[in-house]
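Structural overview
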Amino acid sequence: MEGTLLANPGTTAPCPARERKWSNSQPADLAHMGRSREDHLEPGASTTPVAALPRTGSDPVLLKAPALLGTVADTLRASDGQLHAKAPTKPPRTPSLVLPEASGRPSTYCELVPRVASAQETPPDQSWPEPEALWWEAEEEEEEEEENRCFRRPQAEVSFCPPDTPSCLLSPHNRPLEPEVLRKLRGLFLEHHPDSTALHLLLVDCQATGLLGVTRFRRANMGVASGLELLTLPHGHRLRLELLERHETLVLAGALAVLGCSGPLEERAAALRGLVELALALRPGAAGDLPGMAAVMGALLMPQVRGKQGWEEARAQVTRKRGEEACSGLLPQVSRLEHTWRQLRRSHTEAALAFEQELKPLMRALDEGAGPCDPGEVALPHVAPAVRLLEGEELGGPLDESCERLLRTLYGARQVARDAPRFRQVAAQRLREFRPNPELREALTTGFLRRLLWGTRGLGAPLAQRLEKFQRVLSVLSQRLEPDH
């Protein structure tokens, strides 16, 4: 009897009366067909579909059933025409998954048992990959309703810096400022438009700040839902230190992009124009990444890059923050890269005007706590002044002005923490359908920049010592490009 079931489609064989009943196309008879076939199989025989069985001549060959298909025989126990005491469930009219035909043979009418998906049945050359879910596009679920929320004591200080992973740009034990890596990075940034680079920087900054991609486990550990809230709390000390280090590292890397150009004058002027265009792409209303914009502007205003005017601005800023005595270690008043800035004004007039008339006043207002911070045009707010203040940095200048700045900074930090969900929505909207370049994304992370600037062995030194040494390196590079006369 089994041989008649497994015969080829073109073979005509007499069928008993009980088997003719299976040819009915009513849905109820489909279930009876599957049960009746199980009844005629010997105990332990396979229930593998006909199309999946190999043929050798005209004799039926029964193979061992896969684990998923073996469950059908376990639920249907019948022998000698006796039905099971409990009727099986009715199979669906339309299978949820239709697999391709095995061996390219046409489907037979006897193959009415729905085939079950199995990893063993999927050919290696056929796959249906699903699109990877991007964490910056995923909508984060709220843990509880607003009225049912309660304060959770933080379990530990949370770090948003990704762990050290094998780099695709650096060797495992790299030295600082490897020439090959610097050339690779230069070509990488030249390949991307400033708007694309701004989105890459926004993505990395949102991850470093804890605005996007915060898991439920981390939210439970830190007691709040966002890094913008965490940095205002006492147990956000580690996050504040990480943000300060990231800011200083990005500033040094931006200055290196200009001072590392040992070619003709036009090459350095083009590097300055690239930084100005990147700052414009990061400003409010564009990408809205204010920490990234602050880092780029910090590189353009460094004494080694800006020259006499940069030194005066740096001196005024340090005086407001730390007092007159803290300015003794700054560089003397010399004009640095004067020819480069003159070439920028001559060759790239629009960028030079945007830097002087738009970016510098905007950055001054942001540092004083009076700049734009509306979540509609800003995706990631400027938190560096509040972070410095919460880490114990004193405000210099007259007492009345310092008190006003203190109140504005604290009030701004409170507003940022309150509007953290809105900032998250704006940042997710900016990054929707954005597909970053893996190498460029890695080149903007804090861990990569630390290894690039100080090497693998130099990371063990304290941050203040590393910053001081690299400032000297930048001073030497600046002197080599345009020596003092």
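A short tour of the structure in this document, coming up. It should be emphasised that the depicted structure is a prediction, and the values quoted were computed from it without experimental measurement.

1. Notes on the overall build of the protein
Each helix and strand counted, the protein has 21 helices and 0 strands in total. Pairs at least 24 apart in sequence give 75% of the contacts found in the protein among residues at least 6 apart. Here the protein displays about 27,400 Å² of accessible surface, and carbon together with sulfur accounts for 54% of that area.

2. Here's the deal with the packing of aromatic side chains
In this description, an aromatic ring pair is defined by two values, namely the gap between the centres and the angle between the planes. Tallying each qualifying case throughout the model produces 2 aromatic pairs. The ring centre of Trp341 lies 4.2 Å from the NZ or CZ of Arg306, which sits over that ring.

3. Section: empty space enclosed by the protein
Applying the stated criterion to the full structure yields 3 cavities of 30 Å³ or more. Estimated volume of the largest cavity: approximately 170 Å³. What lines the largest cavity is a set of 14 residues, and nearest its centre among them are Leu243, His247, Pro291, Val383 and Ala384. Looking at the lining of the largest cavity, the elements that each hand over two or more residues are α6 (194–209), α9 (237–259), α11 (290–300) and α16 (384–390). Considering every element that reaches the lining of the largest cavity, the biggest residue donor is α9, with 5 residues. Counted by class, the lining of the largest cavity contains 8 nonpolar, 3 polar and 3 charged residues.

4. Regarding the packing of α6 against helix α10 (residues 265–282)
Where α6 contacts α10, the axes come no closer than 8 Å and their chain directions differ by 60 degrees. Between α6 and α10, the angle falls in the class oblique. The chirality of how α6 crosses α10 is right-handed. In contact with Pro194, Asp195, Thr197, Ala198 and Leu201 of α6, α10 contributes Glu277, Leu278, Ala281 and Leu282. Partitioned by chemical class, the residues of the contact of α6 with α10 number 6 nonpolar, 1 polar and 2 charged.

5. Some points on a nonpolar patch on the surface
Together, Leu390, Leu406 and Leu410 give the surface a local cluster of nonpolar side chains, amounting to about 220 Å² of exposed area. Note on placement: Leu410 falls in helix α17 (residues 399–418).

6. Some thoughts on the nonpolar core
One finds Leu228, Leu300 and Phe448 to be the most contacted residues of the largest nonpolar core, which totals 86 residues. Broken down by element, this core gets its largest block of residues, 10 residues, from α9. Discounting chain neighbours no more than four positions away, the residues touching Phe448 are Ser167, Leu169, Leu170, Val181, Leu185, Glu442 and Ala443.

7. Let's talk about the pattern of salt bridges
Two side chains that carry opposite charge are able to pair once their charged atoms sit near each other. One pass over the structure, following the stated rule, counts 15 salt bridges. Of the charged contacts in the structure, one is a salt bridge between Arg450 and Glu245, with a shortest N-O distance of 3.4 Å. Remark: Glu245 occurs in helix α9 and Arg450 occurs in helix α20 (residues 446–458); sequence separation between them is 205 residues. One salt bridge in this structure joins Arg342 and Glu338, with 2.8 Å as the shortest N-O distance. In this pair, Arg342 and Glu338 are both assigned in helix α14 (residues 338–347), 4 residues apart and thus about one turn of the helix distant. Overall, Arg342 belongs to the partly exposed group, its relative accessible area being 34%. Where salt bridges share partners, they join Glu245, Arg450 and Arg466 into one cluster.

Scoring rules and cut-offs
Residues numbered from 1 in each chain as written. Predicted model: local features only at pLDDT ≥ 70, side-chain atom pairs only at ≥ 80, totals over all residues. Heavy atoms only, no water. Helix = DSSP H or I, 4+ residues; strand = E, 2+ residues; numbered from the N terminus. Contact = heavy atoms within 4.5 Å. Areas by Shrake-Rupley, 256 points an atom, 1.4 Å probe, with all protein chains shown as cover. Phe/Tyr/Trp six-rings, centres within 6.5 Å; stacked < 30°, edge-to-face > 60°. Lys NZ or Arg CZ within 6 Å of the ring centre and 35° of its normal. 1 Å grid on protein atoms, 1.4 Å probe; cavity = no way out; pocket = protein on both sides within 12 Å on 5 of 7 lines; lining within 4 Å. Points joined across faces, edges and corners; volume = space filled by probe spheres on them. Nonpolar A, V, L, I, M, F, W, Y, C, P; charged D, E, K, R; others polar. Axes fitted to C-alpha atoms, helices over the stretch in contact; angles between N-to-C directions. Parallel < 35°, antiparallel > 145°, perpendicular 65-115°, else oblique. Left-handed = near helix turned anticlockwise from the far one by under 90°. Patch = residues over 30% accessible without salt bridge, like charges linked within 9 Å, V, L, I, M, F, W, Y side chains within 5 Å. Salt bridge = Lys/Arg side-chain N within 4 Å of Asp/Glu carboxyl O. Core = buried A, V, L, I, M, F, W, Y, C linked by side-chain atoms within 4.5 Å. Buried < 20%, exposed > 50% of the residue type's maximum accessible area, 1.4 Å probe, protein only.

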